Each structure stands twice: as C-alpha cells, then as structure tokens.
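What follows is each chain in one-letter form.
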Amino acid sequence: MKVLKFGGSSVGSKESILNLKGIVESQSDDVIVVVSALGGITDRLINTAKLAAKGDKQYEEELSLMLKRHEQMIRDVIEVKRRRRANKHVRQLFDELSDIMHGLFLLHDLSEKTLDTIMSYGERLSTQIVVELIDDIKLFGAAAIALVPLPLADVAPLIANE
C-alpha cells in the first residue's frame, strides 16, 4: 500500500486536481491519498477568522468567496451525476464554518483551539471534492476519511486539538 500526499498547489487549480486524479488512478497498488486544503484556502480561513473576531462583517464576504471557489472547482472537475452530493457536503461544511465565524464575530474572541478547528475545514472541504472525483480510493484529509467500501465519515471527534 502506498500513501500519496498532495499539498495545496496539487489541489489548487482544475489542471492540478485533474493531474492528482491521473496520478492516483495510474497506481497499480492500493493507495491512501492525503490532501491539503485548496491552494491559499488555509491562509484565507485564518484571515477570515481574524476579521470575524475583530467584529468586521467583511468575514461574510470572504466566506462567500471561498464557497464560490469550492463550488467552481466542483463544476470544473466533478462529473455531473456526482456534483449534487459534492455540493451538498461542501455547503454543509460551510454552514458549520459560518456558524463558527459568527460566534467569533459576536464574542470578539479567537482562541488557538478555535483557529485550529477553523483551519481544519480547508482539508475537510478539499477532501469532499477529491472523494467525489476519484472512485474506490482510501482518502485521508486532516479531518475526514473515506474507506472503500465504507461511506465518507467524519473523524473530527478522533483528532485532538490540544
């Protein structure tokens, strides 16, 4: 079994994520695929969290732009019959992220633990896209896992943030 790790630039554009798919599908051995957040998303999540904690409503626009980027990536790389499921999972994660950011906005507080949780969403989001892109793979993101033939399952409760 091989472990293939793809950083942010490997999932940062349509071309790079399709290249990732080609690499994974060309493997003759079983593979475990580890993916980072889409290129630049971790930094944007950090900056957006800081905006929210300062009470700057611009965080809402930043979240919207990140959602649009993920939805565009889904349109660009996921076949039509699988897009609905990918979009559903991505929107659910953005709903959670929006709730967390709204809490920061109201409390004007951003702890290290909360920031770690927010940053994990980058990998969780990109994992959703790669899971729908590639059939029959074992895929590990920072906070999500898909083990064939098991369905995608959130392993966030198993990850210690301390």
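A quick note: this is a predicted structure, and the numbers were derived from the prediction, not measured.

**Student:** Residue-level account of the overall build of the protein, with values.
**Tutor:** Counting its regular elements, the protein contains five helices and five strands. Starting at the N terminus and ending at the C terminus, the protein contains elements arranged as β-α-β-α-α-α-α-β-β-β. Taking the contacts inside the protein whose residues are at least 6 apart along the sequence as the reference set, 67% of them involve residues at least 24 apart. Entry remark: accessible area of the protein is about 8600 Å², with carbon and sulfur atoms responsible for 51%.

**Student:** Lay out the pairing of strand E1 (residues 2-6) with the relevant residues and their values.
**Tutor:** Two elements, E1 and strand E2 (residues 31-35), share five bridges in a ladder whose sense is parallel. Across the sheet, Val3 pairs through a bridge with Ile32, a residue of E2. You can see the chain leave E1, run along helix H1 (residues 14-25) and come back into E2, and the turn it takes is right-handed.

**Student:** Now, about the side chain of Glu71: what can you tell me, with residues and values included?
**Tutor:** Of note, Glu71 is situated in helix H3 (residues 58-77). Under the relative-accessibility criterion, Glu71 is labelled buried at 12%. Residues in contact with Glu71, not counting those within four places in the same chain, are Asn87 and Arg91.

**Student:** Lay out the pattern of salt bridges in plain terms, naming residues and giving numbers.
**Tutor:** Tallied over the full model, the rule gives eight salt bridges. With a shortest N-O distance of 3.4 Å, Glu79 and Lys81 are connected by a salt bridge. The class for Glu79 is partly exposed, based on a relative accessible area of 43%. For Lys81, a relative accessible area of 71% translates into the label exposed. Note that Glu132 is salt-bridged to Arg82, the shortest N-O span being 3.1 Å. Linking Glu132 in helix H5 (residues 112-133) with Arg82 in helix H4 (residues 80-107), this pair joins segments that are 50 residues apart in sequence.

**Student:** Go over the packing of helix H2 (residues 41-53) against H4 with me, naming the residues and quoting the values.
**Tutor:** H4 packs onto H2 with a crossing angle of 40 degrees between their chain directions and a minimal axis gap of 7 Å. As judged from the angle between their axes, H2 and H4 are oblique. Residues Leu45, Thr48, Ala49, Ala52 and Ala53 of H2 form the contact with H4, whose own contacting residues are Leu97, Met101, Leu104 and Phe105. Here the contact of H2 with H4 is composed, by residue class, of eight nonpolar, one polar and no charged.

**Student:** Talk me through H5; I want residue IDs and the actual numbers.
**Tutor:** Helix length check: H5, at 22 residues, gives a terminal C-alpha distance of 33 Å against a target of 32 Å (1.5 Å per residue), a fit within 8%. In terms of burial, H5 is a largely internal element, 16 of the 22 residues being buried.

**Student:** How would you sum up the nonpolar core? Please name residues and give values.
**Tutor:** Ile17, Leu20, Val24, Leu97 and Met101 are the most contacted members of the largest nonpolar core, which totals 41 residues. Contributing elements (two or more residues each) for this core: E1, H1, E2, H2, H3, H4 and H5. Sort the elements by how many residues they give to this core and H4 lands first, with eight residues. Beyond its immediate stretch of four places on either side in the chain, Met101 contacts Leu45, Thr48, Ala49, Ala52, Tyr59, Leu63 and Ile118.

**Student:** Give me the lowdown on the packing of aromatic side chains, citing residues and values where you can.
**Tutor:** Going through the model one piece at a time under the given rule, you end up with one aromatic pair. Geometrically, the ring pair formed by Tyr59 and Phe105 is tilted, given 5.6 Å between the ring centres and 35 degrees between the ring planes. One end of the pair, Tyr59, is in helix H3; the other, Phe105, is in helix H4, with 46 residues separating them in the sequence. The exposure class assigned to Tyr59 is buried, which follows from its relative accessible area of 2%. Among the residues examined, Phe105 registers a relative accessible area of 17% and is labelled buried. For the cation-ring pair, Arg124 lies above Tyr121, with the distance from its terminal atom to the ring centre recorded as 4.5 Å.

Conventions we followed
Numbers given for residues are sequential positions, taken from 1 along each chain in its written order. Given that the model is predicted, a residue must reach a pLDDT of at least 70 before its local features are reported, and side-chain atom pairs must reach 80 or more before they are shown or counted; all residues, however, enter totals for whole chains, interfaces and linings. Side-chain figures throughout are based on the complete set of non-hydrogen atoms in the structure, without hydrogens or water. The helix count covers DSSP runs of H or I at least four residues long, the strand count covers runs of E at least two residues long, and both are numbered beginning at the N terminus. The contact criterion used is simple: two residues touch if any of their non-hydrogen atoms lie within 4.5 Å. Computed with the Shrake-Rupley method and a 1.4 Å probe, the accessible areas treat only the protein chains shown as cover for residues. Here a strand pair is declared whenever DSSP counts at least two bridges between the two strands. Crossover handedness is defined here as right-handed if the route from the first strand over the helix to the second strand goes clockwise, with the strands pointing away from the viewer. Only protein chains enter the area calculation, which uses a 1.4 Å probe; residues under 20% of their type maximum are buried, those over 50% are exposed, and those in between are partly exposed. Here a salt bridge means any side-chain nitrogen of Lys or Arg lying within 4 Å of a carboxyl oxygen belonging to Asp or Glu. All axes are obtained by fitting lines to C-alpha atoms, using only the stretch in contact for helices, and the reported angles, taken between N-to-C directions, cover 0 to 180 degrees. Throughout, the term roughly parallel applies to angles under 35 degrees, roughly antiparallel to angles over 145, roughly perpendicular to angles from 65 to 115, and oblique to all others. Amino acid classes used here: Ala, Val, Leu, Ile, Met, Phe, Trp, Tyr, Cys and Pro are nonpolar; Asp, Glu, Lys and Arg are charged; the rest, including Gly, are polar. Given a helix with a known number of residues, its expected span is that number minus one, times 1.5 Å. To qualify as a nonpolar core, a set must consist of buried Ala, Val, Leu, Ile, Met, Phe, Trp, Tyr and Cys residues joined through side-chain atoms within 4.5 Å. Only centres within 6.5 Å qualify two rings of Phe, Tyr or Trp (six-membered ring in Trp) as a pair; their planes then separate them into stacked at under 30 degrees, edge-to-face at over 60, and tilted for everything else. Only Lys NZ and Arg CZ are tested; either one counts as a charge over a ring when it is within 6 Å of the ring centre and within 35 degrees of the ring normal.

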